[in-house]
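Fold and geometry: a report
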Amino acid sequence: MFEGFTRHRIATDGAEIHTLVGGEGPPLLLLHGFPQCHALWNRVAPRLAERFTVVLTDLRGYGQSSKPPGDSAHETYCKRTNARDQVAVMAALGFDRFRLAGHDRGARVAHRLVLDHPDRVDRAAFLDVVPTLEVFARIDQRMATAYYHWFFLIQPNRLAERLIGSDPDFYLGQVLGSIGSSADIFEPEAMEAYRAAFRDPATVHAMCEDYRAAASIDLEHDREDRAAGRKVDCPALFLWGRDSAVGRLYDDPLGIWRGYAPAIAGHVMPAGHFIPEEAPEETAQALLDFFTE
């Protein structure tokens, strides 16, 4: 995967971020989500690299990036800290401004990055999430069933870490095959990358801390933004899977996003949750159309 891309390990404040760079043109940063790593983009990044300098990273705690221990306030893995990592990576590569796309947790990091560093981002794309505040505000039985892991992973005393650690391959397979996509869609090399990371207890802990942050300090930051009227001001794109939880649970997910990003546009994709791997051609074309406007 990622033939022609160069690999880097870039130090940020408190972490080292595994980074790949390929292509030529304006810089475009791609962020992955749970429970994956940069390999999520294996079918999309080469196409985008024909027009852009594509930067792929593993979020702190994920993939081959470093995995610092969590803290009691969950600041180590909050989206604000993650966003700072990504800004530092791009600055180290010489990019003060860039385009940005994120899937799943990466979309939440992208949302925070645009809010905290609006001068850095020209355009932003968010794939298959609604804003975190809305997830918690709209909980019902259907949502709690589809998103059960949101409430499992946040439990204290390393409960989730110990249970997942008893059979990490089984749990990973359950997650990848239960959110509106079949586990058969993933490239074997990508699956091996996901398994290798997931077998590391430090990765599982980091992922749990990511979700614990979402249920605590991230909400504080989001509420502060809402109170201050801060929104995504740059042009934005939202893509969601027809068969994903977002597509099934929310009647108008694009309308939800318009309350947070007035200049957003978007459309449904012929996929479940893992859009870049299940509908790579459609994803690449949608991103090319948006980022080259």
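If you check an unreviewed UniProt entry, the protein appears there as Alpha/beta hydrolase from Azospirillum aestuarii.

A look at the overall build of the protein
A count of helical and extended segments in the protein gives 15 helices and eight strands. In terms of overall dimensions, the protein is globule-like: its C-alpha atoms have a radius of gyration of 17 Å, near the 19 Å expected for 293 residues. Its C-alpha atoms put the protein at 45 × 40 × 35 Å along the principal axes. Considering the protein as a whole, with its 293 residues, one finds that 59% of them fall into the buried category. For the protein, the exposed surface amounts to about 11,500 Å²; the carbon and sulfur share of it is 48%.

What about the side chain of Q86?
Inspection of the secondary structure assignment puts Q86 in helix α2 (residues 79–92). Setting aside residues up to four positions removed in sequence, Q86 forms contacts with I17, L29, L31, T57, L59, V109 and L113.

Section: the pairing of strand β3 (residues 27–31)
Counting buried positions along β3 gives five out of five residues, so the element sits mostly inside the fold. Burial of the side chains of β3 extends over both faces: P27, L29 and L31 are buried on one face and L28 and L30 on the other. Bridge count for β3 against strand β4 (residues 53–57) is five bridges, and the pairing is parallel. Residue pairing across strands places L31 opposite T57, the latter belonging to β4.

Conventions adopted
- Residues numbered from 1 in each chain as written.
- Predicted model: local features only at pLDDT ≥ 70, side-chain atom pairs only at ≥ 80, totals over all residues.
- Heavy atoms only, no water.
- Helix = DSSP H or I, 4+ residues; strand = E, 2+ residues; numbered from the N terminus.
- Rg over C-alpha atoms; globule rule 2.2 N^0.38 Å.
- Buried < 20%, exposed > 50% of the residue type's maximum accessible area, 1.4 Å probe, protein only.
- Areas by Shrake-Rupley, 256 points an atom, 1.4 Å probe, with all protein chains shown as cover.
- Contact = heavy atoms within 4.5 Å.
- Pairing = 2+ DSSP bridges.

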